[in-house]
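# Descriptive structure summary
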Amino acid sequence: MTSLSRARVARRIAAGAAYGGGGIGLVGAATVGLVLAEVQLAKRHVGNGHAHAPRADGLYGYAYTGPGEQPLRLTMLGDSTAAGQGVHRARQTPGALLASGLAAVAERPVELCNVALPGAQSDDLDRQVALALADTTRMPDVCVIMIGANDVTHRMPPTRSVRHLSSAVRRLRTAGAEVVVGTCPDLGTVEQVQQPLRWLARRASRQLAAAQTIGTVEQGGRTVSLGDLLGPEFEANPRELFGPDNYHPSAEGYATAAMAILPTVCATLGLWPAEEERPDVSRREGFLPVARAAAEAASEPGTEVTAAMPTGPRGPWALLKRRRRRRLPATDPAPATSP
């Protein structure tokens, strides 16, 4: 599917989500059913992984604490990838990696709260947002949402999926939190899914990722394409980047995803170098209609999309950036305290 075709489909899904439609499918129901069967079979092969994600909540960057220094508050929402299922240690989860990296960049402690639920679909975000905003004295500064894979494998209508995500982003933004969404990863690289279903899974994943981007950007959030989470690097190095269950990422895989997300998290808080906030034409960055930017981002892992102009010749416009990946700064390997 071309970028323009994907943009048109994503625009239709996002419009259906906004106006209450529900009949737009990612791919035909029969083929999605086959993808579902294949992925569920893959899940049944999961036997030597970890059923529960390590709990990583707590304070990171303890060395930066000082008199009157208030920590930044980072909240993770989403499914098993946001929770960090598949690794042994709390410090290997994406939440811990992002909290450590953010603390080092900001030179401030970061308090991590993770309300993500393994197995969650987008309709669980309502509950998770309520948990994230329950304590009005400890509102999050930035929230990272990683969701979408289970929506595809359980055949949730994409309009419904995007509607729930958009609502979650809107509620968090209204509460004053910045929001970064890691869009649906590429299910076409799950090892047990065979061709031609692998191609169909990839197509469905990318269509949903593009639609998620439109819904998120329209509500004032930013997105980062997470094709890398189950994408080309995983396909090339499945033994290195998949975890012991061959379905969830390994520690190296989560680090790859965290490196893609961290610059955007920092940028939302005004912590990234100003010169890197300007679009770099040599890296094919720039302003595009939001649907076109969403489609291009879905095809290129690690690409960020953020709102730019509310109107343009072809509707709202967005800024597409291909941020350079950097190693996560070294800081506390584990939370200094647990709430």
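### Brief notes about the overall build of the chain
A tally of helices and strands in the chain yields twelve helices and nine strands. By the burial criterion, 56% of the 339 residues in the chain qualify as buried. When the accessible surface of the chain is totalled, it reaches about 13,700 Å², and 52% of it is carbon and sulfur.

### A few points about the nonpolar core
Leu 74, Leu 98, Leu 102, Val 144 and Ile 261 are the most contacted members of the largest nonpolar core, which has 35 residues in total. At the level of secondary structure, the elements contributing two or more residues to this core comprise strand S2 (72-78), helix H3 (80-83), helix H4 (94-106), strand S3 (110-114), strand S4 (142-146) and helix H11 (251-268). A per-element tally of this core places H11 first, with nine residues. With residues near it in sequence (within four places) discarded, Val 144 still touches Leu 74, Thr 75, Met 76, Leu 77, Leu 98, Val 180, Ile 261 and Val 265. One finds Ala 120, Leu 125, Ala 132 and Leu 165 within the second-largest nonpolar core, a separate group that totals 17 residues.

### Let's talk about the confidence of the model for the chain
Per-chain confidence: the chain averages 79 in pLDDT, with 69% of residues scoring 70 or above. Between the elements of the chain, mean pLDDT differs from a low of 44, seen in helix H10 (residues 238-241), to a high of 98, seen in S2. A low-confidence stretch, residues 22-30 (pLDDT under 50), is modelled with 18 contacts involving residues beyond four sequence positions or located in other chains. When the criterion is pLDDT under 50, residues 236-243 qualifies, and its contacts beyond four places in sequence or with other chains add up to 24 contacts.

### Things to note about unusual backbone geometry
Phi is positive for Arg 155, which is not a glycine, with a value near 60°. By the element assignment, Arg 155 lies in the loop between helix H6 (149-153) and helix H7 (158-174). Take Arg 155: its relative accessible area is 45%, and that puts it in the partly exposed class.

### Description of the sheet that holds S4
If you walk across this open sheet you meet the nine strands as S1-S3-S2-S4-S5-S6-S8-S9-S7, and the pairing is mixed. Since the sheet does not close on itself, it has two edges, and those belong to strand S1 (58-60) and strand S7 (286-289), each with one partner. Averaged over all pairs of adjacent strands, the angle between strand axes in this sheet comes to 25°, irrespective of strand direction. Strand direction decides the pairing type here: S1 and S3, joined by three bridges, are antiparallel. Bridging across to S3, Gly 58 finds its partner in Leu 112. Taken strand by strand, H4 contacts S1, S2, S3 and S4, and its axis lies near 155° from that of S2. On the sheet, H11 packs against S4, strand S5 (178-182), strand S6 (222-224) and strand S8 (303-309) and is oriented at approximately 165° with respect to S6.

### Details of the environment of Pro 140
When you line up the elements, Pro 140 lands in the loop between helix H5 (125-132) and S4. It is 8.6 Å that separates the C-alpha atoms of Pro 140 and Leu 172, two residues lying 32 residues apart in sequence.

### Remarks on the pattern of salt bridges
For the structure on display, the rule yields 15 salt bridges. We note a salt bridge from Arg 108 to Glu 69, for which the minimum N-O separation is 3.4 Å. Here Arg 108 is found in the loop between H4 and S3, whereas its partner Glu 69 is found in the loop between S1 and S2, with 39 residues between them in sequence. Across the pair Arg 138 and Asp 135 runs a salt bridge, and its minimum N-O distance is 3.8 Å.

### Re the pairing of S2
Most of S2 sits inside the fold, with seven of its seven residues counted as buried. Neither face of S2 is left uncovered, since the one carrying Leu 72, Leu 74, Met 76 and Gly 78 and the one carrying Arg 73, Thr 75 and Leu 77 both have all their residues buried. Here S2 pairs with S3 via five bridges, running parallel. Bridging across to S3, Met 76 finds its partner in Asn 114.

### Re the packing of H5 against H7
It is at 9 Å that the axes of H5 and H7 come closest, and there the two elements cross at 15°. With respect to their mutual orientation, H5 and H7 come out roughly parallel. Regarding H5 and H7, the two cross each other, and that crossing is right-handed. Along its contact with H5, which presents Leu 125, Asp 126, Val 129 and Ala 130, the element H7 presents His 164, Leu 165, Ser 167, Ala 168, Arg 171 and Leu 172. The residue makeup of the contact of H5 with H7, split by class, is six nonpolar, two polar and two charged.

### Some remarks on the side chain of Asp 79
Tracing the backbone through its elements, the reader meets Asp 79 in the loop between S2 and H3. Apart from the residues within four sequence positions on either side, Asp 79 is in contact with Ala 116, Leu 117, Pro 118, Ala 120, Met 146, Ile 147, Gly 148, Ala 149 and Asn 150.

### Focus on the packing of H4 against H11
Any two packed helices are characterised by how steeply their axes cross, that is the angle between the axes, and by the distance between the axes. Taken N-terminus to C-terminus, the directions of H4 and H11 make an angle of 40°; their axes are 9 Å apart at the nearest point. Of the possible angle classes, the one that applies to H4 and H11 is oblique. Handedness of the H4/H11 crossing: right-handed. Counted together, Pro 94, Leu 97, Leu 98, Gly 101, Leu 102 and Val 105 of H4 and Tyr 254, Ala 255, Ala 258, Ile 261, Leu 262, Val 265 and Cys 266 of H11 form the full contact between these two elements.

About the criteria used
- Residues numbered from 1 in each chain as written.
- Predicted model: local features only at pLDDT ≥ 70, side-chain atom pairs only at ≥ 80, totals over all residues.
- Heavy atoms only, no water.
- Helix = DSSP H or I, 4+ residues; strand = E, 2+ residues; numbered from the N terminus.
- Buried < 20%, exposed > 50% of the residue type's maximum accessible area, 1.4 Å probe, protein only.
- Areas by Shrake-Rupley, 256 points an atom, 1.4 Å probe, with all protein chains shown as cover.
- Core = buried A, V, L, I, M, F, W, Y, C linked by side-chain atoms within 4.5 Å.
- Contact = heavy atoms within 4.5 Å.
- pLDDT = per-residue confidence, 0-100.
- Pairing = 2+ DSSP bridges.
- Axes fitted to C-alpha atoms, helices over the stretch in contact; angles between N-to-C directions.
- Salt bridge = Lys/Arg side-chain N within 4 Å of Asp/Glu carboxyl O.
- Parallel < 35°, antiparallel > 145°, perpendicular 65-115°, else oblique.
- Left-handed = near helix turned anticlockwise from the far one by under 90°.
- Nonpolar A, V, L, I, M, F, W, Y, C, P; charged D, E, K, R; others polar.

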